[in-house]
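So the chains spell out like this:
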Amino acid sequence: MNSFPGRHRPAAAVLVSLAVAAGVTACGSGSSGTEGADSGTYTVWDPYPQFAEGSAWTKLLDKCGSEAGVKVKRTGFDTSDLTNKALLAAQQGNSPDILVVDNPVVSTLAEAGVLTTTDDNKLDTSRVDPNLLAAGQSDGKTYGTPIGANTLALYYNKKVLKDAGVDIASVKDWASLTAALEKVKKAGRKGITFSAIGTEEGSFQFLPWFWGAGAELTRLDSAQAESALSLWKDWVKGGHAPNSVLNNTQTTSWQEFATGDYAFAENGTWQLANARKVGFEYGVLPIPGASGGTAAAPTGGEFVTLPVQDDTGRYATSQKLATCLTSTQNLYDTDTTLSYVAPTAEVQDKQVAADAELKPWVAAVRTAKGRTSDDLGTRYPRISEQMWKAVQSALSGSTSPKDALADAQSAVK
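Residues numbered from 1 in each chain as written. Predicted model: local features only at pLDDT ≥ 70, side-chain atom pairs only at ≥ 80, totals over all residues. Heavy atoms only, no water.

Quick look at the confidence of the model for the protein
Then step 1. Residues of the protein with pLDDT of at least 70 account for 91%, and the chain-wide mean is 90.
Then step 2. With pLDDT under 50 throughout, residues 1–37 is counted as low confidence; its partners more than four residues away or in other chains account for 88 contacts. (pLDDT = per-residue confidence, 0-100. Contact = heavy atoms within 4.5 Å.)

Observations concerning the packing of aromatic side chains
Then step 1. Enumeration according to the criterion identifies 16 aromatic pairs in this entry.
Then step 2. Arranged with centres 5.4 Å apart and planes meeting at 85°, the rings of W209 and W235 form a pair that is edge-to-face. Taken as a pair, W209 in helix α9 (residues 200–212) and W235 in helix α10 (residues 223–237) lie far apart in primary sequence, 26 residues in all.
Then step 3. Residue class for W209 comes out buried when judged on its relative accessible area of 0%.
Then step 4. Overall, the relative accessible area of 1% leaves W235 in the buried class.
Then step 5. Aromatic side chains W254 and F257 sit 5.4 Å apart centroid to centroid with 55° between the ring planes, which places their arrangement in the tilted category. With W254 and F257 both in helix α11 (residues 250–258) and three residues apart, the pair spans about one turn of that helix.
Then step 6. Judged by its relative accessible area of 1%, F257 falls in the buried class. (Phe/Tyr/Trp six-rings, centres within 6.5 Å; stacked < 30°, edge-to-face > 60°. Helix = DSSP H or I, 4+ residues; strand = E, 2+ residues; numbered from the N terminus. Buried < 20%, exposed > 50% of the residue type's maximum accessible area, 1.4 Å probe, protein only.)

Side note on the sheet that holds strand β10 (residues 282–285)
Then step 1. Strand order in the open sheet formed by four strands is β8-β9-β7-β10, with mixed pairing between adjacent strands. The sheet terminates laterally at β8 (190–193) and β10, the two strands that pair on one side only. In this sheet, adjacent strand axes meet at a mean angle of 20° when their direction is disregarded.
Then step 2. Along the sheet face, α11 touches β7 (152–157), β8 and β9 (262–268) and points at about 150° away from the line of β9. (Pairing = 2+ DSSP bridges. Axes fitted to C-alpha atoms, helices over the stretch in contact; angles between N-to-C directions.)

Observations regarding the side chain of N157
Then step 1. If you trace the backbone, N157 turns up in strand β7.
Then step 2. Among the polar contacts listed, one links the side chain of N157 to the backbone nitrogen of K159, at a separation of 3.0 Å.
Then step 3. In contact with N157, not counting residues within four places along its chain, are F257, G260, Y262, A263, F280 and E281. (Polar contact = N/O pair within 3.5 Å; in protein donor to acceptor, adjacent residues only side chain to side chain.)

Notes on the nonpolar core
Then step 1. Core analysis: the largest hydrophobic core is formed by 54 residues, its most contacted members being W209, F210, L217, W235 and F264.
Then step 2. Contributing elements (two or more residues each) for this core: β7, α7 (158–163), α8 (174–186), α9, α10, β9, α17 (380–396) and α18 (401–412).
Then step 3. Those residues in contact with W209 that sit more than four places away from it in its chain are L154, W174, L177, A228, L231, W232, W235, E266, I287 and P288.
Then step 4. In terms of nonpolar packing, the next biggest core, distinct from the first, is built from 27 residues, W57, A68, L321 and L338 among them. (Core = buried A, V, L, I, M, F, W, Y, C linked by side-chain atoms within 4.5 Å.)

Some remarks on the pattern of salt bridges
Then step 1. Enumeration over the complete set of coordinates arrives at 13 salt bridges.
Then step 2. The partner of D46 in a salt bridge is R74, with the nearest N and O atoms 2.7 Å apart. Of the two residues, D46 sits in strand β1 (residues 41–46) while R74 sits in strand β2 (residues 71–76), which places them 28 residues apart along the sequence.
Then step 3. Since its relative accessible area comes to 22%, R74 is described here as partly exposed.
Then step 4. D81 is the salt-bridge partner of K85, the closest N and O atoms lying 3.2 Å from each other. With K85 and D81 both in helix α3 (residues 79–92), this residue pair falls four residues apart, about one helical turn.
Then step 5. In this structure K85 comes out as buried when scored by relative accessible area, which is 12%.
Then step 6. Linked by salt bridges that have partners in common, K159, D163 and R189 make up one network. (Salt bridge = Lys/Arg side-chain N within 4 Å of Asp/Glu carboxyl O.)

In structure tokens form, the structure reads like this:
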């Protein structure tokens, strides 16, 4: 007897509430699902609309399809659009066979009953780093496997630091980082830029400092959380970070760093290609914890998942496709294309051997943490919204860090 679950379509009201929690808006349903699909054609939805037919990604999909003896029909969507379409497709019974989604969305889809578990679909996740796999886990079950990860670290301008008399090896914790910013300011240069905008990007950038202080997302008003927000506030107030951080996206923050005026910028793996074009020598430092060590930074990146299907006979081939996409060689090729760090130590080591500049990023990814880890699931978007509101309120001077976080915790409850 087939042990895979059959279709249990989520109620429309549940899907609407989860779509709101995930921060997506209602739109028309997709028409590329499996309902009425040719049994020899398998559908794949992904959040990579930038990759056109003939790209390395689409060639890999075709290759995996050929190896499984089927044709792959692929559709690329914008990330937020994909989440909503996946929820609605599940309700209508036409989910794709393979769904590649941003890791915070996995718990949303799992709670809606959209996804099969790895126990059901037999995907092998034994080689995946546990901290990365945690982003796709909920209530003790795993839904899919990561295709790659990115995270945050500190880029630094070697000349600015040298001119200010700062030895980057001395930067090991918050106190030494702030001391370096003091020296940079005295030398007439700019300190650090980051994104504190009132969106998920702001929360994403604040999390390494929040976690690096020992704070937990279930207690936004803890003393540790207050120390993290006070650090950012003191940097802005003291002129070590610009007022523009309140409106900076990660892109505009990067543009500030690219001027060559700043000592540090908090940004991600995805800026590596741009970093090589800035015209000055740079380095990368994992974000330090309050008292030293490497702070846990949030993971970005996608999971390969297998949605629930009416025709459970399709799962065996879907599993072959997913296994192919996440094989050792294909992970290496794909993560090079996507500027991701691989989710397994074996491929990470291969990446560093090929490009030494990835070494600090691998270190950062190995200590990174999923935003929905700790079984936060669909609670995370609500917590995150209150977090970025608290950051905005404190950095703008509207309220103290302590009061801003107390308000945030009250709102979450």
